[in-house]
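Coordinate analysis (summary)
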Amino acid sequence: MPYLGSEDAVKELKKALCNPHIQADRLRYRNVIQRVIRMPGVQEYIQQPVLNGLRDKASYVRRVAVLGCAKMHNLHGDSEVDGALVNELYSLLRDQDPIVVVNCLRSLEEILKQEGGVVINKPIAHHLLNRMSKLDQWGQAEVLNFLLRYQPRSEEELFDILNLLDSYLKSSSTGVVMGATKLFLILAKKFPHVQIDVLVRIKGPLLAACSSDSRELSFAALCQVRQILHSLPGHFSNHYKKFFCSYSEPHYIKLQKVEVLCELVNDENVQQVLEELRGYCTDVSADFAQAAIFAIGSIAKTYTDQCVQILTELLGLRQEHITTVVVQTFRDLVWLCPQCTEAVCQALPGCEENIQDSEGKQALIWLLGVHGEKIPNAPYVLEDFVENVKSETFPAVKMELLTALMRLFLSRPAECQDMLGRLLYYCIEEEKDMAVRDRGLFYYRLLLVGIDEVKQILCSPKSDPSLRLLEDQAERPVNSWALDFNTLAPVYGKAHWAVISKCQKAERHDSELPTNASFAISGHLVPEENKKVQEPPESEALMLVPNLQLSAEYFEKTWLSLKVAHQQVFPWQGEVQPDTLQMALKVVNIQTIAMSRPGAQPWKAYLSAQDDTGCQFLTELLLEPENSEMQISVKQSEARTETLPGFISVLETVIGTIGDIKS
Amino acid sequence: MISQFFILSSKGDPLIYKDFRGDSGGRDVAELFYRKLTGLPGDESPVVMHHDDRHFIHIRHSGLYLVATTSENVSPFSLLELLSRLATLLGDYCGSLNEETISRNVALVYELLDEVLDYGYVQTTSTEILRNFIQTEAVVSKPFSLFDLSSVGLFGAETQQNKVAPSSAASRPVLSSRSDQTQKNEVFLDVVERLSVLIASNGSLLKVDVQGEIRLKSFLPSGSEMRIGLTEEFCVGKSELRGYGPGIRVDEVSFHSSVNLDEFESHRILRLQPPQGELTVMRYQLSDDLSSPLPFRLFPSVQWDRGSGRLQIYLKLRCDLPPKSQALNIRLHLPLPRGVVSLSQELSSPDQKAELGEGALHWDLPRVQGGSQLSGLFQMDVPGLQGPPNHGPSASAAPLGLGPASLSFELPRHTCSGLQVRFLRVSFSPSGNANPHKWVRHLSHSDAYVIRI
């Protein structure tokens, strides 16, 4: 409406707004309020008609007027909250028209945003609950969301509310069912059995949504299923067939389904699930085929033999995109499950012809280097790589090749000596990539020092079953995600959501940064560490024994047998740099048993320490991607509470210092 | 709370754009959305996307993108449901939903959006209530079609076609012109079932899933009441028993909130006062326990000569429907090993068609009569697969990468669960004309009927 800008038009409009008849025609009223309200300079004339509209006889006018209040408030921006208006809106919550009631809630929420939104007290909550049946599905979903902030006073009241809500779990609208479920989960946060019960009851609607006609809805439902599976791994195991893919489905749904299948696998359905997944491995889409192979790899951590057999069969296809992923899966698997090494070594010969990409080559070369003594033709395969090293484009492959050949040289010196010499010569004299050249020089000098030193450095363990402790998805309590239920968080996926919420947080925290920044400049980590640790020695005279060496197996056994003695969260920003942390912990005599690789989500680390009385402290550090906190859980081998605070404070200092330096 | 809503054509042209809150971006948001959508990496889902504090949530409906943006962490289920409801609503008012009807009815669409959403909040989505506020009339396009010509009739003589509902009859706007008093009193009731099946290579049934719904599209004046009688042997849940014999059993049923279930327990009758427009009266699911036999069986036999790389597939498709029924638009999709070249075929009847595409064999059968059996013999060369078979079983076993076969088809006048509508009666009509045209259709279809080979 460009003509509204002119003087005349504004004058005309003023006249129209003062006209009492304008409210007689509800359509015209609504149009005036809706369209004109954003025009600059006419707000003062709008105010009175809006306030009159709140008391209009026609419910249609009241609906528009109630939302008009919110619009007016947001337009003024700086204006203070008008107490009388707020009171009037609160009283309109008792309106006859259900849409007016819901609009009142929305309007109050916007007007009172600064003060934390609309307040739901007991009378309002009960009133809303009683009006629920009169609302349409959109209203119901929204009111259920508002009710989340109500805290029932007594257990009796809580169960009364849950009973009232029961029928909404059966609603034909998925939105209402999910809203009601979330309210159940939040209200019953102290009653785990009620929570489980609710999740069992919405299985039907959720599964129906998963196979719904609307792909978008079924995608959202699948994401929600994955979230539930984190806490209740067996929840959907009987319904695994519902998650089989059909070829006409879009890619993003297939990937979700494969993830779900991985998570619900158990002794009874593993055969069928694997058979289905094997079908996907030959899919026309290379991406989907690779996802399916990785999925089999992750099931292999539990059902190793069957999976290795399937993966070996896939190598027979001689397809590049399949072979490379299979070999990568083998590499990860051998590291976690050493019992499958034999089978993997038998499957490897011949693979090298079908691998062209960097990742696949690295995996194959690593396997040949570490387990070369079990693969008869390993030196000849590596020799081919050495021959063609000049035309190799990826520096990472060359580095891997150097290390692998050094390792193989230790176990099969006769076959490797000549080509190792050639490779080292090439790397040092001709290679242009500095990292590769340095690595070559390093190995060359190492060899000069003597074979024993080489062995000490290169013969690291060939597998690490204790890593499974890190990878194992511990069952997380329902309460840890109840707040995220029925929001966008599960739909984006955990990692992506963490990035999004971090961006939003960063914007908010921009102003607070300078205070931290000054600290970050202030010098070295270690000296400061010492100072701080030594400061509070008098607390409980805790002395940690230096150079404690616990084996990973021992740690795992002890860890599982003990109860958590203390749990606490420390503030933390950003990612962890394991090296720095490990060094800092070593300074205070805390040994690091295992750590996730940097950037893993969730990031975990296991630490151990022992004091002079022989009491061991086992610690888990857990960094969840979405919240900026480091959670520590400490277990003690002897229940001696007096030394615990001392240990916690040492940990706190280290984590505090590292965290500050990071940010 | 929705900040903006827009509709894009399949090529990304904005057709409708509406900003509800004036707090963000501008029209170029629509363009941004399309750029993000097309540039998305393969492993990310396009359903929800994020840019600059703004979430884009969209559905695809008949080739159009219906997109909402919001800055709050809303319930994805409610928002997706709202978008599909909007799609139905626009379909109700414009006759059908596609690029052409939207661009012809821009004014009407904006008017609807104004009523449905205020300041980004849903007000009402009921076709009935909205009727009171909508002034604009839909512009209906009448595409030229041979079907229309054929129903004109020779010298005005009444032809058989007049008694059959034309397929386009249901796709007209609810709100046809007020002045038009000759408006037809019509009501369409569809029982639609979607079947998904998985059959193992030895022929045993691994999974059956039926998703059914009863859809009503009513053009009757509002306030009319109707009764829908379902098969009396219809049982819900595993334990209920009705009538003689196995009955017609479904696992779960949910009804639209406006359905009156007083007579459901005793006589399986649903009573309702349908608003004009489309309405899903009932939804039901059934899995793993089907009373009627499956519509299709496939008997494949595969011969593979490793040495020459020659692959021969003989497919026999048997239709187990009753002889009077038939299946339409059957399409068999069979993924083949990589590198297949040259297809030669021998099909059992001339109207069938087979071709290679996207690494798979497509076999199209326009129509299969119940009880009949069709076959196709396909021969192809797979040069990439030959070579030294280190560890293969016998030479004639199927190569990896072949199958599973999936079928898609339609079964008119057939429901897999056996559910039928016994009667549809309009028990009360405010206009006094209690004899409207009633059309009841039953249809099963499937796009995931998978048979492993």
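Criteria and thresholds
Residues numbered from 1 in each chain as written. Chains lettered and ligands numbered in written order. Predicted model: local features only at pLDDT ≥ 70, side-chain atom pairs only at ≥ 80, totals over all residues. Heavy atoms only, no water. UniProt positions renumbered as here; feature names shortened; annotations may be inferred. Helix = DSSP H or I, 4+ residues; strand = E, 2+ residues; numbered from the N terminus. Buried < 20%, exposed > 50% of the residue type's maximum accessible area, 1.4 Å probe, protein only. Lys, Arg positive; Asp, Glu negative; His and termini not counted. Salt bridge = Lys/Arg side-chain N within 4 Å of Asp/Glu carboxyl O. Polar contact = N/O pair within 3.5 Å; in protein donor to acceptor, adjacent residues only side chain to side chain. Contact = heavy atoms within 4.5 Å. Phe/Tyr/Trp six-rings, centres within 6.5 Å; stacked < 30°, edge-to-face > 60°. Lys NZ or Arg CZ within 6 Å of the ring centre and 35° of its normal. Axes fitted to C-alpha atoms, helices over the stretch in contact; angles between N-to-C directions. Parallel < 35°, antiparallel > 145°, perpendicular 65-115°, else oblique. Left-handed = near helix turned anticlockwise from the far one by under 90°.

As recorded by an unreviewed UniProt entry, chain B carries the name AP-4 complex subunit mu-1 and is attributed to Nannospalax galili. What UniProt states about chain B under its Sequence similarities (unreviewed entry) heading is, verbatim, "Belongs to the adaptor complexes medium subunit family."

Within an unreviewed UniProt entry, the label attached to chain A reads AP complex subunit beta, and the organism entered is Nannospalax galili. Check the Subcellular location (unreviewed entry) section of the UniProt entry for chain A; it says "Golgi apparatus, trans-Golgi network membrane". Turning to chain A, the UniProt record has this under Sequence similarities (unreviewed entry): "Belongs to the adaptor complexes large subunit family."

1. Examining the side chain of Asp283(A)
Locating Asp283(A) in the fold gives a position in the loop between helix H15 (270-280) and helix H16 (286-299). An unpaired buried charge is present at Asp283(A): no salt bridge exists, and Lys254(A), the closest side chain of opposite charge, is 4.0 Å distant. One polar contact links the side chain of Asp283(A) to the main-chain amide nitrogen of Ser285(A), over a distance of 2.9 Å. Leaving out residues up to four positions away in the same chain, Asp283(A) has contacts with Lys254(A), Phe288(A), Ala289(A) and Arg338(B).

2. Regarding the packing of aromatic side chains
Counting across every chain of the model gives 26 aromatic pairs over all chains. On the basis of an interplanar angle of 85° and a centroid distance of 5.3 Å, the ring pair of Phe219(A) and Tyr252(A) is categorised as edge-to-face. Pair noted here: Phe219(A) is in helix H13 (residues 215-231) and Tyr252(A) is in helix H14 (residues 251-264), with a separation of 33 residues, a long-range link. Like Tyr252(A), Phe219(A) is buried. Through a chain of ring-to-ring contacts, the aromatic side chains of Phe6(B), Tyr17(B), Phe33(B), Tyr34(B), Phe56(B) and Tyr65(B) assemble into a single cluster. Over the aromatic face of Phe288(A) sits the side chain of Lys254(A), whose NZ or CZ is 4.9 Å from the ring centroid. Here the guanidinium or amino end of Arg268(B) rests over the ring plane of Phe264(B), the centre of that ring lying 4.4 Å away.

3. Considering the packing of helix H10 (residues 174-187) of chain A against helix H2 (residues 76-94) of chain B
Orientation of H10(A) relative to H2(B), taken along the N-to-C sense of each, is 165°, at an axis distance of 8 Å. The angle between the axes of H10(A) and H2(B) places the two elements in the roughly antiparallel class. For the pair H10(A) and H2(B), the sense of crossing is left-handed. Counted together, Thr174(A), Gly175(A) and Met178(A) of H10(A) and Phe77(B), Ser78(B) and Glu81(B) of H2(B) form the full contact between these two elements.

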